[in-house]
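# Summary of structural features
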Amino acid sequence: MSKIYVANIVYESLVDGYGLRDVLFLSGCNINCNNCHNKDFKDIAAGKEWEVADLASFLRKQSVTKRLTISGGEPLEQKEALTELIGLLDGFDIGLYTGKELNEIDLNLSCFSFVKTGRYIDKLRCYNKFYGSSNQSITIINNRKHIS
């Protein structure tokens, strides 16, 4: 069974994707953006270690909306555990926030409703509801009725 490292879980956010969503912040990030918003999440060991199946069970019980945005840190640094987790969250609407560009993502994106991509660039800081710098963007993967 795989381990996954979680920095934080926030319930009922309106600023981390479409609709009222829970947010799973995974630990670990090697991107090192200047003035990182989640710098405390860089060290993977700083997160709480979970068995992937236990985390999936916890999220299924705790999530009222069944809408989940996975962020970080950089969630793709735990790609194998992330893939396993997503496979256990059938029925969830899942979004991904990553500092990578779309063409850098080595993951099947069909299980996501949307993906927020792009590194945070401090000199391009903006106050968009869903991202922090103007170079970042959201790509709709599966246009489900509540995000259209």
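Residues numbered from 1 in each chain as written. Predicted model: local features only at pLDDT ≥ 70, side-chain atom pairs only at ≥ 80, totals over all residues. Heavy atoms only, no water.

### Overview of the confidence of the model for the protein chain
For clarity, the cut-off: Residue-level confidence of the predictor is summarised by pLDDT, bounded by 0 at the bottom and 100 at the top. Strands here are runs of E lasting at least two residues and helices are runs of H or I lasting at least four, both read from the DSSP assignment and numbered beginning at the N terminus.
For the protein chain, the mean per-residue pLDDT works out to 90, and 92% of the residues sit at or above 70. The element-level mean pLDDT for the protein chain is lowest in strand β7 (residues 137–140), coming to 93, with helix α1 (residues 52–62) highest at 98.

### Let's talk about the packing of aromatic side chains
Both the distance between ring centres and the angle between the ring planes are used here to describe each pair of aromatic rings. To be explicit about the condition: When the centres of two rings from Phe, Tyr and Trp lie within 6.5 Å, Trp using its six-membered ring, the rings pair. Their planes under 30 degrees apart give stacked, over 60 give edge-to-face, and anything left gives tilted. Geometrically, a charge over a ring is one whose NZ (Lys) or CZ (Arg) sits within 6 Å of the ring centre while staying within 35 degrees of the ring normal.
Applying the stated rule across the entire model yields four aromatic pairs. A connected cluster of aromatic rings, assembled from ring pairs, spans Y18, Y97, F114 and F130. The ring centre of W50 lies 4.3 Å from the NZ or CZ of K48, which sits over that ring.

### Things to note about the pattern of salt bridges
Definition in use: Here, a salt bridge means any side-chain nitrogen of Lys or Arg that lies within 4 Å of a carboxyl oxygen of Asp or Glu. Partly exposed residues are those whose accessible area sits between 20% and 50% of the maximum for their type, while under 20% is buried and over 50% is exposed, using a 1.4 Å probe and protein chains only.
Using the criterion set out here, one finds five salt bridges in the structure. Between R21 and D93 there is a salt bridge, with its nearest N and O atoms 2.8 Å apart. Residue R21 is located in strand β2 (residues 21–26), and its partner D93 is located in strand β5 (residues 93–97); the two are separated by 72 residues in the primary sequence. This pair shows no difference in class: R21 is buried, exactly as D93 is. Between R119 and E104 there is a salt bridge, with its nearest N and O atoms 3.1 Å apart. On the criterion of sequence distance, the pair formed by R119 in the loop between β6 (114–117) and β7 and E104 in the loop between β5 and β6 is long-range, its members being 15 residues apart. Through salt bridges with shared partners, a single ionic network connects K3, E49 and E51.

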